[in-house]
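# Working through the structure, step by step
For reference, the chains in residue letters:
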Amino acid sequence: MIILAKVRQDAWSHEDDLLLAETVLRHIREGSTQLNAFEEVGDKLNRTSAACGFRWNAEVRQRYEQAVSIAKRQRKERKRKISTQQNHLNHSFHSENKKAQQTIEKAFINHTTVSDVKPVEVQELNLNQVIQYLRTVKKEMEETDRSQKSIEKVEQERDHLHNENEKLQKEIKHLEKQLETVQADYQAFLQIMDRARKMVVFQDQEDPTTPTFRMEKNGNLEQVAR
């Protein structure tokens, strides 16, 4: 008789883990956040983003530590390249703009019209590329802003937990001091009771005729006959 092993419906397969790792690494390289990666994987695997994040942090990440480091370096290089391209684009735009302005000013000085001036040979900019580039920059800034807010939220939670921990530590110390005081009082009480007991025994041995009293129900003392 062949017994088939039961497989949990929510179990993660090797393909699921691989998809999760590839997606997270891609988002890191592109400057996105891991939260976006978890949401993308969740949509593909019909899981919650929280479940994907837990799986990544608990099981998958430790197998891809080196790949994560490489992806972060690639993200840094990508940002540096975009910044360099933006600076170059701005420089070229201002430079060519200045040349065109100088040409127009020269035309007016020579009492000529702009149509008489030979156009300056400049590198033509593709408007669609500029728009696409600006959209990319905007998206990067939005991702950075969301990441900063997430970091600030985590830092606030950390500070709150730190304050709670300090408060609990102070309460523990206070309770420990109270316990020490109670224990000291208890020990002193035991010593007093022991001395009182010894004194009673000693008096009984020294004077057998010493009267003994007991408390009545109404609260009065009466002597007990020996």
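Residues numbered from 1 in each chain as written. Predicted model: local features only at pLDDT ≥ 70, side-chain atom pairs only at ≥ 80, totals over all residues. Heavy atoms only, no water.

## Section: the nonpolar core
Quick reminder of the rule: Take the buried residues of types Ala, Val, Leu, Ile, Met, Phe, Trp, Tyr and Cys, join any two whose side-chain atoms come within 4.5 Å, and each joined set is a nonpolar core. Relative accessibility decides the category of a residue: with a 1.4 Å probe and only protein chains considered, values under 20% of the type maximum give buried, values over 50% give exposed, and everything between is partly exposed. Helix and strand definitions follow DSSP, with helices as H or I runs of at least four residues and strands as E runs of at least two, each counted in order from the N terminus. A contact between two residues is defined here by any heavy atoms of the two lying within 4.5 Å.
Ranked by internal contacts, the top residues of the largest apolar core, which has 14 residues, are Leu20, Val24, Phe38, Cys52 and Trp56. Those elements giving two or more residues to this core turn out to be α1 (14-29), α2 (34-45), α3 (49-60) and α4 (65-109). Considering every element that reaches this core, the biggest residue donor is α1, with 5 residues. Those residues in contact with Leu20 that lie beyond four places of it in its chain are Trp12, Phe38, Val41, Cys52, Arg55, Trp56 and Val60.

## Structural notes on the side chain of Thr23
Along the polypeptide, Thr23 turns up in helix α1. Non-local contacts of Thr23, meaning those with residues more than four positions away in its chain, are made with Ala37, Glu40 and Val41.

## Brief notes about the packing of α2 against α3
Put simply, the test is: Convention adopted: a line fitted to C-alpha atoms gives each axis, helices being fitted over their contacting stretch, and angles between N-to-C directions are expressed from 0 to 180 degrees. Angle categories: roughly parallel below 35 degrees, roughly antiparallel above 145, roughly perpendicular from 65 to 115, and oblique for all the rest. Less than a right angle of anticlockwise turn of the near helix away from the far helix marks a crossing as left-handed, whereas a clockwise turn marks it as right-handed.
Axis separation between α2 and α3 bottoms out at 8 Å; the angle between their running directions is 115°. Compared by their axis directions, α2 and α3 come out roughly perpendicular. Helix-helix and strand crossings are classified by hand; for α2 and α3 the assignment is right-handed. For the pair α2 and α3, the contacting residues are Gln34, Phe38, Glu39, Val41 and Gly42 in the first and Ser49, Cys52, Gly53 and Trp56 in the second.

## Looking at the confidence of the model for the protein chain
Which entries qualify depends on this criterion: The quantity known as pLDDT measures the predictor's confidence residue by residue, on a range of 0 to 100.
For the protein chain, the average pLDDT comes to 77, and 69% of its residues sit at 70 or higher. Low pLDDT, under 50, characterises residues 111-123; the predicted model gives this stretch 9 contacts beyond four residues in sequence or across chains.

## Details of α2
Think of an α-helix as 3.6 residues a turn; residues three or four steps apart then line up on the same face. Defined as follows: Helix span, expected: 1.5 Å multiplied by one less than the number of residues in the helix. An arc is given here, and it is the one of the directions from the helix axis to the C-beta atoms.
In this model, α2 (12 residues) spans 16 Å end to end at C-alpha, consistent with the 16 Å of a helix rising 1.5 Å per residue. Buried residues of α2: Ala37, Phe38, Val41 and Gly42, and no others. Along the axis of α2, the buried residues cluster in a sector spanning 135°; they form a single face. Away from its buried face, by an angle of more than 90 degrees, α2 presents the exposed residues Leu35, Asp43 and Lys44. Here the buried face of α2 lies against α1 and α3. Just beyond α2, the residue with positive phi is Asn46, at close to 60°.

## Considerations on unusual backbone geometry
Phi angles above zero are rare outside glycine, and Asn46 is one such case at about 60°. Looking at the element boundaries, Asn46 is found in the loop between α2 and α3. For Asn46, a relative accessible area of 74% gives the class exposed.

## A few points about the pattern of salt bridges
Note the cut-off: Here, a salt bridge means any side-chain nitrogen of Lys or Arg that lies within 4 Å of a carboxyl oxygen of Asp or Glu.
Tallied over the entire structure, the rule returns 12 salt bridges. Here Asp17 and Arg55 are joined by a salt bridge, their closest N and O atoms 2.8 Å apart. Taken together, the residues Asp17 in helix α1 and Arg55 in helix α3 connect sequence positions 38 residues apart. The buried category is assigned to Asp17, whose relative accessible area is 6%. On the basis of relative accessibility, which here comes to 19%, the residue Arg55 falls in the buried class. Salt bridges linked by common partners bring Asp17, Arg55 and Arg63 together as one network.

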